[in-house]
There are 2 protein chains.
Amino acid sequence: MDPRRLLIFRTVARSGSLSAAAAELGWTQPAVGQHMQRLEREAGVPLLLRSARGITLTEAGTALLVHADAVAARLAAADAELQDFAALRTGSVQLVAFPSAAAVLVPPALAKLTPALDVRLTEAEPPEAVAQVLAGTADVGIVFGYADDPPLPTELVCLPLASDPLRAVVPLDHRLARRRRPIDLAELADERWIAGCPRCEANLRRLTTAAGFMPDIRHRTDDYVVVQRLVAESLAVTLLPQLALTAAPAPTVRAVPVRTEPRSIALVHRVEHALTPGVQALVAVLR
Amino acid sequence: MDPRRLLIFRTVARSGSLSAAAAELGWTQPAVGQHMQRLEREAGVPLLLRSARGITLTEAGTALLVHADAVAARLAAADAELQDFAALRTGSVQLVAFPSAAAVLVPPALAKLTPALDVRLTEAEPPEAVAQVLAGTADVGIVFGYADDPPLPTELVCLPLASDPLRAVVPLDHRLARRRRPIDLAELADERWIAGCPRCEANLRRLTTAAGFMPDIRHRTDDYVVVQRLVAESLAVTLLPQLALTAAPAPTVRAVPVRTEPRSIALVHRVEHALTPGVQALVAVLR
DNA sequence: TAACCTTACGCTGGTCGTAAAAATA
DNA sequence: TATTTTTACGACCAGCGTAAGGTTA
């Protein structure tokens, strides 16, 4: 059974005549008549009793009208729900961000969004975040990247958000603590070091190699609060991105500008979601 | 929203890929793809996430699938119900018949029908029965007609069922009670008469006029039981159709063949109901 | 007459198929 | 390579409009 004809039948049944239904549909009388003929032929049962005063439903027609009404109601409900998605009156977006972005960038962005959009935040370091977006576990990811990162799969869209400079973090009484001009990394060649997550450590090694030394790594943690406490006790120095320092500013350490390439912060999502209203809205407030 | 595309979307969602859906529908892949593109454009929201392993539903797509399933279920229910009507597993027919037909012709006919067809009998004399069928209050009418009746409206179909000869009904001790050969109406010119319903009385007057006399009408009733009791008491004679005598055979009177035109018994229904299974079935067992 | 219905027929446009290219595993 | 997708384009037929005819109130 062709569902379009069922809806035309509904219009005919409710309006009382083929011509009235045609007017309602913006068609001509024969167009509606042909549809009803085909519907009745396919049904195998007369549905309408024609007369010069319009139409009356047969018993089968009356029964069919109930179903037609139900179908029309469902279609209207489907339409309304899709419009809710399109107008951001409903829908949810899974957002995954690395910790300091989750702390600094995400909350003010979410505050700008309509509360009808259900954004759910989880934390993950970039490699895992990208994997989640690829797998569909997350819709939008906030990640950071270093200069020589491999390119992302073409399935993903990458929107640069900001450039995040690295700072050298030293104790308050360090000899470089009061320097205003950017220092060279080589000036920290003889320090003890704290390394962060694997990618950050790889980046650190790349930078120090370029600066001509091998860092003496004593501790490893990607927790920027712990890092700063270790530095405060003069146990080591480290490089931290400005974002992490903004997330947890510690008066017990000193962040000194250093001549290194900044890391880049970017937003990723699957290409198909370029038109998904929820993703679109979230991307818009994050940029 | 085009309901056909909703059903195609349902097939796609359930089969997991455009190509699998196309195979299921007996179409090609691009045909399905074009439908989905249009559906998404009209929806204003992406519904499918395409990949090389097939498709995944977006959140909006998942919501839409629920409605699509509901629509499909309703369409199936509508189809099933129409087939029930077509196969006489359901449905009802309003039958209106004049009293003696209701007594003699209808019961054995109904006994031959499937009990799933709900036939409802009411009694009415022909003029009213025809009016009911015209108005749609009844679907099938059993009526009788005389030679010079006006033609029926073209909106009605008339199927002759039988020819019903008239009998002269006289007391057992009447001088004509033992006659085997048909009598002439003129032989009853001097009797007292009982007339029936208005149409029957008109027919009686037409016949007697042709036979050359005016009947001395003493009583009027269309109840053929009452008629026969009156005759049994030798209060009058009358003409009764054979059908009425079959309905209520009375040993206390004598029915003698008489040379008159018989009345005709016919079945009427609206032309549109020629294809209605219930009407068709009822007509078939009544013929 | 006016309103409803059909039937007949021409033309448009939706929609399906074919063919080729692109992307992923 | 095999399977998925998309895009482009051609052809067909469903379906709408126009026009004419029939029936009832």
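Values in this document were obtained by computation on a predicted structure and should not be read as measured data. In this convention, every chain numbers its residues from 1, walking through the sequence in written order. Here chains are named by letter from A upward and ligands by number from 1 upward, in the order in which they appear as written. Selection of residues for local features in this predicted model requires a pLDDT of at least 70, selection of side-chain atom pairs for listing and counting requires 80 or more, and totals for whole chains, interfaces and linings are taken over all residues. To obtain the side-chain values, all non-hydrogen atoms of the structure were included, while hydrogens and water were left out.

Near residues are defined by distance, with any heavy atom within 4 Å of the molecule or strand qualifying the residue. Close to DNA strand C lie 24 residues; Leu18, Gln29 and Arg50 of chain A together with Arg4 and His35 of chain B are nearest. Contact between DNA strand C and Gln29 of chain A: a phosphate oxygen at 2.7 Å from a side-chain N or O atom of the residue. Pairs of N or O atoms are called polar contacts if they sit within 3.5 Å, as long as, within protein, a hydrogen donor faces a hydrogen acceptor (for residues adjacent in sequence, only side-chain-to-side-chain pairs). One of the side-chain nitrogen or oxygen atoms of Gln37 of chain A is found 2.9 Å away from a phosphate oxygen of DNA strand C. Put simply, the parts of the chain that give the surface near DNA strand C at least two residues each are helix H2 (18-25), helix H3 (29-43) and strand E2 (54-57) of chain A together with helix H1 (3-15) and helix H3 (29-43) of chain B. Numbering of helices and strands runs from the N terminus; a helix is a DSSP stretch of H or I covering at least four residues, while a strand is a stretch of E covering at least two. The biggest single contributor to the surface near DNA strand C is H3 of chain B, with five residues. Classification used: nonpolar for Ala, Val, Leu, Ile, Met, Phe, Trp, Tyr, Cys and Pro, charged for Asp, Glu, Lys and Arg, polar for all others including Gly. For the surface near DNA strand C, the per-class residue count stands at eight nonpolar, 10 polar and six charged.

Here the focus is the pattern of salt bridges. All names here are of chain A. Here, a salt bridge means any side-chain nitrogen of Lys or Arg that lies within 4 Å of a carboxyl oxygen of Asp or Glu. Tallying each qualifying case throughout the model produces 38 salt bridges over all chains. Here Asp149 and Arg199 are joined by a salt bridge, their closest N and O atoms 2.6 Å apart. Here Asp149, found in the loop between strand E5 (140-145) and strand E6 (156-164), pairs with Arg199, found in helix H8 (residues 198-211); they are 50 residues apart in sequence, far enough to count as distant. When its relative accessible area of 22% is taken as the criterion, Arg199 is described as partly exposed. Ionic pairing is found between Glu261 and Arg206, a salt bridge with its closest N-O pair at 3.2 Å. Separated by 55 residues along the polypeptide, Glu261 in the loop between strand E11 (253-257) and strand E12 (263-270) and Arg206 in helix H8 bring together distant segments of the chain. Note on classification: 1.4 Å probe, protein chains only; a residue is buried when its accessible area is under 20% of the maximum for its type, exposed when over 50%, partly exposed between these limits.

Here the focus is the sheet that holds strand E4 (residues 118-123) of chain A. One key point about sheets: their strands pair by backbone hydrogen bonds, in either a parallel or an antiparallel sense. Residues and elements named next belong to chain A. Following DSSP output, two strands are said to pair if at least two bridges run between them. One open sheet holds the five strands; their spatial order is E4-E3-E5-E12-E6, and the pairing between them is mixed. Looking at strand neighbours, the two that pair on one side only are E4 and E6, the edges of this open sheet. Between one strand axis and the next, the sheet turns by 25° as a mean value, whatever way the strands run. With six bridges connecting them, E5 and E12 associate as antiparallel partners. Note that in E12 the partner of Gly145 across the bridge is Ser264. Here, two residues are considered to be in contact whenever any of their heavy atoms come within 4.5 Å of each other. Axes here mean lines fitted to C-alpha atoms, for a helix over just the part in contact, with angles spanning 0 to 180 degrees between N-to-C directions. Its contacts with the sheet place helix H7 (residues 126-135) against strand E3 (92-97), E4, E5, E6 and E12, and it is angled at close to 150° to E5. Contacting E3, E4, E5, E6 and E12, helix H11 (residues 277-286) crosses the sheet at an angle of about 45° to E3.

Let us now look at the packing of helix H1 (residues 3-15) of chain A against H2 of chain A. Residue and element names in this part refer to chain A. Relative to each other, H1 and H2 sit at 120°, their axes nearing to 8 Å. Between H1 and H2, the crossing angle belongs to the class labelled oblique. For the element pair H1 and H2, the recorded crossing hand is right-handed. In this structure, H1 contributes Ile8, Thr11, Val12 and Ser15 to the contact, and H2 contributes Leu18, Ala20, Ala21, Glu24 and Leu25. Taken together, the residues of the contact of H1 with H2 sort by class into six nonpolar, two polar and one charged. Note on angle classes: values under 35 degrees are labelled roughly parallel, values over 145 roughly antiparallel, values of 65 to 115 roughly perpendicular, and the remainder oblique. Helix crossings fall into two classes, left-handed where the near helix is turned counterclockwise from the far one by less than a right angle and right-handed where it is turned clockwise.

Bringing the UniProt feature "domain: HTH lysR-type" (unreviewed entry) in chain A into the picture now. UniProt positions are given in the numbering used here, feature names are shortened, and annotations may be inferred rather than shown by experiment. Here, UniProt's "domain: HTH lysR-type" (unreviewed entry) annotation points to residues 1-58 of chain A. This span, residues 1-58 of chain A, is 62% helix and 14% strand, and a straight line between its end C-alpha atoms measures 18 Å.

Turning to the domain arrangement of chain A, a few remarks are in order. Residue and element names in this part refer to chain A. Per the annotation, domain bounds derive from an automatic or database assignment of domains. Examined at the domain level, chain A breaks down into domain 1 (3-84), domain 2 (90-163 + 264-286) and domain 3 (166-261). Inter-centroid distance (C-alpha atoms) of domain 2 to domain 3 is 27 Å. At the interface, 17 residues of domain 2 touch 12 residues of domain 3. Summed over both sides, the interface of domain 2 with domain 3 buries roughly 1100 Å², with 67% coming from carbon and sulfur. Note on terms: buried area is the combined drop in 1.4 Å-probe accessible area of two parts once they are placed together, counting the loss on both. Ranking the residues of domain 2 by area buried against domain 3 places Ser100, Val104 and Tyr146 at the top, with a combined share of 46%.

A few words on the protein's contact with DNA strand D. Neighbouring DNA strand D are 23 residues, the closest being Thr28 and Arg38 of chain A together with Gln29, Arg50 and Thr154 of chain B. For DNA strand D, the backbone portion of the atoms within 4 Å of the protein, that is sugar and phosphate, comes to 72%. Arg4 of chain A is positioned such that a nitrogen or oxygen atom in its side chain is 2.8 Å from a phosphate oxygen of DNA strand D. Interatomic distance of 3.3 Å between a side-chain N/O atom of Gln34 of chain A and a base oxygen of DNA strand D. Broken down by element, the surface near DNA strand D gets its largest block of residues, five residues, from H3 of chain A. Its residues assigned to classes, the surface near DNA strand D comprises seven nonpolar, 10 polar and six charged.

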